[in-house]
Amino acid sequence: MAGTLPLTPQRPRNGGVTPATSESKAVQWILVGAAGLVLLWLIALPLVIVLTEALKKGFDVYLAALTDPDARSALRLTLLVALVTVPLNTIFGVTAAWAVTKFRFRGKGWLITLIDLPFAVSPVIGGLIFVLVFGANGWFGPWLSAHDIKIVFALPGIILATLFVTFPFVARELIPLMEDQGTEEEEAAITLGARGWQIFFRVTLPNIKWGLLYGIILCNARAMGEFGAVSVVSGHIRGETNTLPLHVEILYNEYQFSASFAVSSLLLLLALFTMLIKGWLSRKNVY
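Bear in mind the structure is a predicted one, so any value in this text is a computation, not a measurement.

### Notes on the overall build of the chain
Step number 1: Along the chain, the regular secondary structure elements total 13 helices and zero strands.
Step number 2: Reading the chain from its N end, one meets helices and strands in the order α-α-α-α-α-α-α-α-α-α-α-α-α.
Step number 3: Looking at the 287 residues of the chain, the share that counts as buried comes to 34%.
Step number 4: In the structure as shown, the chain presents an accessible area of about 17600 Å², 68% of it carried by carbon and sulfur atoms.

### Points about the packing of helix H3 (residues 69-102) against helix H7 (residues 155-166)
Step number 1: Viewed as axis vectors pointing N to C, H3 and H7 meet at an angle of 50°, and their least axial separation amounts to 9 Å. Classified by the angle between their axes, H3 and H7 sit oblique to one another. The hand of the H3/H7 crossing is right-handed. Residues Leu77, Leu80, Val81, Val84, Thr85, Leu88 and Asn89 of H3 form the contact with H7, whose participating residues are Leu155, Ile158, Ile159, Thr162, Leu163 and Thr166.
Step number 2: Classifying every residue of the contact of H3 with H7 by side-chain character gives nine nonpolar, four polar and no charged.

### A closer look at the environment of Thr162
Step number 1: On the secondary structure map, Thr162 appears in helix H7.
Step number 2: For Thr162, a relative accessible area of 1% puts it in the buried group.
Step number 3: For the pair Thr162 and Cys219, spaced 57 residues apart in the sequence, the C-alpha separation amounts to 9.8 Å.
Step number 4: Setting aside anything within four residues of it in sequence, one finds Thr162 in contact with Val81, Thr85, Ala223 and Val230.
Step number 5: Separated by 2.8 Å, the side chain of Thr162 and the backbone oxygen of Ile158 make a polar contact.

### Remarks on the UniProt feature "transmembrane region" (unreviewed entry) in the chain
Step number 1: In this numbering, the UniProt entry assigns the feature "transmembrane region" (unreviewed entry) to residues 29-52, 73-100, 120-140, 152-171 and 255-277.
Step number 2: A helix fraction of 100% and a strand fraction of 0% characterise residues 73-100, whose end C-alpha atoms lie 40 Å from each other.
Step number 3: Helix makes up 62% of residues 120-140 and strand 0%. Its end C-alpha atoms lie 26 Å apart.

### Points about the side chain of Ser234
Step number 1: Tracing the chain through its elements places Ser234 in helix H11 (residues 228-234).
Step number 2: Given the relative accessible area of 0%, Ser234 is considered buried.
Step number 3: At 3.2 Å, the side chain of Ser234 and the backbone nitrogen of His236 are in polar contact.
Step number 4: Filtering out sequence-adjacent residues up to four positions away, Ser234 remains in contact with Phe153, Ile158, Thr241 and Leu246.

### Comments concerning the packing of aromatic side chains
Step number 1: Across all of its chains, the model carries 12 aromatic pairs by this definition.
Step number 2: Here the aromatic rings of Tyr255 and Phe257 are separated by 5.9 Å at their centres, their planes lie at 85°, and the arrangement is edge-to-face.
Step number 3: The exposed category is assigned to Tyr255, whose relative accessible area is 65%.
Step number 4: The structure contains a cluster of three or more aromatic residues connected by ring pairs, namely Phe92, Phe130, Phe134, Phe140, Phe164 and Phe167.

### Points about H3
Step number 1: For H3, spanning 34 residues, the distance from its first C-alpha to its last is 49 Å, which sits close to the expected 50 Å at 1.5 Å a residue.
Step number 2: The opening residue of H3, the one whose side-chain oxygen lies 3.0 Å from the backbone nitrogen of Asp70, is Asp68.

### Some details on a nonpolar patch on the surface
Step number 1: Taken together, the side chains of Val38, Leu39, Trp41, Leu42, Ile43, Leu45 and Ile49 make up a nonpolar region of the molecular surface, amounting to roughly 690 Å² of accessible area.
Step number 2: By the element assignment, Trp41 lies in helix H1 (residues 25-54).

### Observations regarding the pattern of salt bridges
Step number 1: Per the counting criterion, the structure on display carries four salt bridges.
Step number 2: The closest approach of N and O atoms between Asp70 and Arg238, which form a salt bridge, is 3.0 Å. Taken together, the positions of Asp70 in helix H3 and Arg238 in the loop between H11 and helix H12 (244-253) put the pair 168 residues apart, joining distant regions of the chain.
Step number 3: When its relative accessible area of 34% is taken as the criterion, Arg238 is described as partly exposed.
Step number 4: A single network of salt bridges, built from pairs that share partners, joins Asp70, Arg238 and Glu254.

### A word on the side chain of Ser265
Step number 1: Among the secondary structure elements, Ser265 is positioned in helix H13 (residues 257-284).
Step number 2: A distance of 2.8 Å separates the side chain of Ser265 from the side chain of Tyr62, its partner in a polar contact.
Step number 3: Apart from the residues within four sequence positions on either side, Ser265 is in contact with Val50, Leu51 and Tyr62.

### Re the confidence of the model for the chain
Step number 1: The predicted model of the chain averages 83 in pLDDT, with 90% of residues at 70 or higher.
Step number 2: Confidence drops under pLDDT 50 across residues 1-11; counting only partners more than four residues distant or on other chains, this segment forms 12 contacts.

About the thresholds
Residues numbered from 1 in each chain as written. Predicted model: local features only at pLDDT ≥ 70, side-chain atom pairs only at ≥ 80, totals over all residues. Heavy atoms only, no water. Helix = DSSP H or I, 4+ residues; strand = E, 2+ residues; numbered from the N terminus. Buried < 20%, exposed > 50% of the residue type's maximum accessible area, 1.4 Å probe, protein only. Areas by Shrake-Rupley, 256 points an atom, 1.4 Å probe, with all protein chains shown as cover. Axes fitted to C-alpha atoms, helices over the stretch in contact; angles between N-to-C directions. Parallel < 35°, antiparallel > 145°, perpendicular 65-115°, else oblique. Left-handed = near helix turned anticlockwise from the far one by under 90°. Contact = heavy atoms within 4.5 Å. Nonpolar A, V, L, I, M, F, W, Y, C, P; charged D, E, K, R; others polar. Polar contact = N/O pair within 3.5 Å; in protein donor to acceptor, adjacent residues only side chain to side chain. UniProt positions renumbered as here; feature names shortened; annotations may be inferred. Phe/Tyr/Trp six-rings, centres within 6.5 Å; stacked < 30°, edge-to-face > 60°. Expected span 1.5 Å × (residues − 1). Patch = residues over 30% accessible without salt bridge, like charges linked within 9 Å, V, L, I, M, F, W, Y side chains within 5 Å. Salt bridge = Lys/Arg side-chain N within 4 Å of Asp/Glu carboxyl O. pLDDT = per-residue confidence, 0-100.

This is the structure in C-alpha cells:
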C-alpha cells in the first residue's frame, strides 16, 4: 500500500540490508505486554510480598525487628562501609575514566579489562581471594597475626570486599560519556593557559557531573546490598561483622521470617529510592 513502510527487510542497491523501521500495533502490544508480565512477575510481585510479610504480624513486630540491637548494628556497619567505599570508588572511577579517555598509553586495554573484572568474577570468588591473601593461613596471615592486625572477619576485610565488587560502577558510567565528549574543550582550555586542576574543575567536571552522580548512586546501592563477597570475609559475627543482607540471612535461617522481611524492607526502600533518583536523572536527559 502506498505511503506505508515495509515490514520486511529490503535489499538496497549497494547489496546491504535495510532493517525494518516499524512494527504492527499487534506486535507492539505483544512485546510490551510480555515485558510487563516479566517485570510484574520478577520484580513487582517480590516487592509486594516483602512488604506484606514484613507487616504480617503487625507494626509493633515490624518496629521491634528494626530496633533490635543486632539490626541497628548491621545498619550502622552497612552505612559505614558505604561511607568509606563510595568516596574511594568515586575517586578511582574519575581517575580511571580520565586516564582512559584523555591519554594514550601502553596498557590501556589491560586497565579497561581490570575495571571490568568484578563484572565477570563471582563476588564469592572475590571474597575468597581476600581470605587467601589476608586470612590466618594466607600469604600475609602470619605477619598480620604477629602485628595484631585483623583484616579478614573484621571491618577492613568487609571494606576491601565491597571495594572490589563496586569499583567498576563509577568508571563504567564515566568512560563512555567522556569518550563521546572528546578532548576539544580541554585542549581549548590548555591553549588559554589553564592548568590540570583548573581544566578538570571548570571544564571536565561540569560536563560529567550528572553521569558521575548516576554512577555514585549505583555504587552506593550495590555497596549496601552486597552479599556474596562480604559473606565470605565477614565471619558472620553477630552484632559485629554482619551487614544488613547478612543479618537478613541469619534471621531467615533462624525461622524469624517476619523479622527477616522487616529488615529486608530497609534494603527495599534503598532500591526504590535509587530507582526514583535514576528515573529523575533519565527524565532530565542530561547524558
